[in-house]
Amino acid sequence: MDELQPPRRGGPPWRSGVRPRTAAGLPWVSTAVLLVFVMAGTGFAEEGQGRRPLDLAARLLLFVAVGVLLLRRRRPEVAVATTCAATLVYLAAGYPYGPVFVAVAVGCFSAIVTGHREAAWWSLGGLWAGHVLVSHWLYRWLPPDGDRAAPWTQQGFITAWVVAVVAAAELLRVRREQWAAARAEREAAERRRADEERLRMARELHDVLAHSISVINVQAGVGLALLDSDPEQARTALTTIKGASKEALDEVRQVLANLRTPGDAPTSPAPGLDRLPELVEQAAAAGLTVTVGSEGDPAAVPPGAGLAAFRIVQEALTNVVRHSGSRTAEVHIGYGSGRLRLRIDDAGPATGGDAGGSGNGLVGMRERAAALGGTIEAGPRPDGGFRVLAELPFTGPDRDRRPSGPSEETT
């Protein structure tokens, strides 16, 4: 056998398009094996046919018919045309039938599966038509002497053989194209999954770091301002910084662990709306008073929607801390039938040009909502404040429960 190149991912060499080749890029070994088979097989096949015995000219024609198949990878149209021409000359000279037709089949297969279909059809059709002329009309003037017309049953057998070779080659070509399309689709799907995973990780890291670093930044400013005049308050600010940084490090480690070991289950559950009190406490440590109101049944919310809602609220509160002059915010959560509604308000005014945040924060919120088929709106209110409205559809086992009464929590 020829030396094999390393197979591409997704199947064996014959399915992925990698063919046996030698270092020079030509199929020397397989062609040599085919040449020995044709030479030896023709010697055995000539017995009892009553045709012209094999001589040097016959061996040279067989050598050309098989040897040109060395080019079947680089120039398949030349290979199939030359093989068919040499075979036709060989038969017209009255030499015996035999394995030379195997060389024709190999050349035809190579041309068709590599896309040179017309060259294969014309060459094989020319061989068939030439054989009809030789065996039924021109045999009187061609060797061997005293030859008679070939029976039409023999021509029918050859016709069936030609049709079978073309049909098999076309079937192989179609299957190769299907394999190539399936492989390209799998690779594209893998790239899409990798891109989606990178985007998800980027959103998680952004949401975790943006919120925690905003709290740390505010508390660091408080600590520096009160370090000399009120050491106890400065100590409280440093304690808040320590807690926020520890929580951020834990979440970052979880995200990075998922990157290092894809497919493994996370070591801790993803945050959801059940962790909203922790978010409120962090906002309070940054000097922001958050009022949380809810209505409906939170038990029906699946983890995916809960994580998206938590991150949206987290990003909205982070933007209030960073970009609003208000020290109060209101969060309202509505658990509807198969739908989760969020409203986050602050009284404003904005402390800079980026009211409500800009850049990756709002983009991340919109991407999270879009991933669930939901919508999100963020913009200034007429009274100078800022509002974030999100609507997240979901499907849960308890979506038909009756909503409970409103509840309030203030920090």
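The notes below deal with the structure included here. These numbers were taken from a predicted model, which means no experiment stands behind them.

Thoughts on the pattern of salt bridges
Moving on, step 1. As enumerated under the stated definition, the model contains 12 salt bridges in all.
Moving on, step 2. Measuring nitrogen to oxygen at the nearest pair gives 4.0 Å for the salt bridge that ties Glu-391 to Arg-341. Highlighted residues: Glu-391 in strand 5 (residues 386–393) and Arg-341 in strand 3 (residues 339–346), separated in sequence by 50 residues.
Moving on, step 3. The salt bridge partner of Asp-345 is Arg-381, with a shortest N-O separation of 3.3 Å. Linking Asp-345 in strand 3 with Arg-381 in the loop between strand 4 (375–380) and strand 5, this pair joins segments that are 36 residues apart in sequence.
Moving on, step 4. Residue class for Asp-345 comes out buried when judged on its relative accessible area of 4%.
Moving on, step 5. Beyond isolated ion pairs, a larger network of salt bridges with shared partners links Arg-343, Asp-345, Arg-381, Asp-383 and Arg-387.

Details of empty space enclosed by the protein
Moving on, step 1. Per the counting criterion, the structure on display carries three cavities of 30 Å³ or more.
Moving on, step 2. Its volume calculated, the largest cavity comes out at about 40 Å³.
Moving on, step 3. Taken together, Leu-91, Phe-101, Leu-127, Trp-128, His-131, Ile-158, Trp-161 and Val-162 make up the full set of residues lining the largest cavity.
Moving on, step 4. Taken together, the elements giving at least two residues each to the lining of the largest cavity come down to helix 6 (117–136) and helix 7 (152–226).
Moving on, step 5. Here the lining of the largest cavity is composed, by residue class, of seven nonpolar, one polar and no charged.

Quick look at the nonpolar core
Moving on, step 1. Ranked by size, the top nonpolar core spans 39 residues in total, and within it Leu-317, Leu-340 and Leu-342 carry the most contacts.
Moving on, step 2. Elements with a contribution of two residues or more to this core: helix 9 (276–285), strand 1 (289–296), helix 10 (303–323), strand 2 (328–336), strand 3, helix 11 (360–371) and strand 5.
Moving on, step 3. Here the element with the most residues in this core is helix 10; it accounts for 10 residues.
Moving on, step 4. Judged by nonpolar contacts, the second largest core, of 20 residues, contains Leu-54, Leu-62, Leu-69 and Tyr-97.

Side note on a nonpolar patch on the surface
Moving on, step 1. A cluster of nonpolar side chains, contributed by Leu-133, Trp-137, Leu-138 and Trp-152, occupies part of the molecular surface with about 440 Å² of accessible area.
Moving on, step 2. In this fold, Trp-152 is placed in helix 7.
Moving on, step 3. For Trp-152, a relative accessible area of 55% translates into the label exposed.

What to know about the packing of helix 5 (residues 100–113) against helix 6
Moving on, step 1. Interhelical geometry of helix 5 versus helix 6 gives an angle of 155° and a closest axis separation of 7 Å. Taken together, helix 5 and helix 6 sit at an angle that is classed as roughly antiparallel. Seen along the crossing, helix 5 lies across helix 6 with a hand that is left-handed. Judged by residue contacts, Val-104, Cys-108, Ala-111 and Ile-112 of helix 5 engage Arg-117, Ala-120, Trp-121, Leu-124 and Leu-127 from helix 6.
Moving on, step 2. Partitioned by chemical class, the residues of the contact of helix 5 with helix 6 number eight nonpolar, no polar and one charged.

With respect to helix 4 (residues 76–92)
Moving on, step 1. Taking 1.5 Å per residue as the helical rise, helix 4 with its 17 residues ought to reach 24 Å, and the 24 Å between its terminal C-alpha atoms agrees with that figure.
Moving on, step 2. Those residues of helix 4 not exposed but buried are Pro-76, Ala-79, Val-80, Thr-83, Cys-84, Ala-86, Thr-87, Tyr-90, Leu-91 and Ala-92.
Moving on, step 3. In this structure, the buried residues of helix 4 make contact with helix 2 (28–45), helix 3 (56–67), helix 5 and helix 6.
Moving on, step 4. In the segment just after helix 4, Gly-94 is the residue with positive phi, at about 90°.

Some remarks on the side chain of Thr-83
Moving on, step 1. Tracing the sequence through the fold places Thr-83 in helix 4.
Moving on, step 2. Given a relative accessible area of 0%, Thr-83 falls into the buried group.
Moving on, step 3. A polar contact is formed between the side chain of Thr-83 and the backbone oxygen of Ala-65, at a distance of 3.0 Å.
Moving on, step 4. Those residues in contact with Thr-83 that lie beyond four places of it in its chain are Ala-65, Val-68, Leu-69, Ala-103 and Val-104.

Thresholds, definitions, all that
- Residues numbered from 1 in each chain as written.
- Predicted model: local features only at pLDDT ≥ 70, side-chain atom pairs only at ≥ 80, totals over all residues.
- Heavy atoms only, no water.
- Salt bridge = Lys/Arg side-chain N within 4 Å of Asp/Glu carboxyl O.
- Helix = DSSP H or I, 4+ residues; strand = E, 2+ residues; numbered from the N terminus.
- Buried < 20%, exposed > 50% of the residue type's maximum accessible area, 1.4 Å probe, protein only.
- 1 Å grid on protein atoms, 1.4 Å probe; cavity = no way out; pocket = protein on both sides within 12 Å on 5 of 7 lines; lining within 4 Å.
- Points joined across faces, edges and corners; volume = space filled by probe spheres on them.
- Nonpolar A, V, L, I, M, F, W, Y, C, P; charged D, E, K, R; others polar.
- Core = buried A, V, L, I, M, F, W, Y, C linked by side-chain atoms within 4.5 Å.
- Patch = residues over 30% accessible without salt bridge, like charges linked within 9 Å, V, L, I, M, F, W, Y side chains within 5 Å.
- Areas by Shrake-Rupley, 256 points an atom, 1.4 Å probe, with all protein chains shown as cover.
- Axes fitted to C-alpha atoms, helices over the stretch in contact; angles between N-to-C directions.
- Parallel < 35°, antiparallel > 145°, perpendicular 65-115°, else oblique.
- Left-handed = near helix turned anticlockwise from the far one by under 90°.
- Contact = heavy atoms within 4.5 Å.
- Expected span 1.5 Å × (residues − 1).
- Polar contact = N/O pair within 3.5 Å; in protein donor to acceptor, adjacent residues only side chain to side chain.

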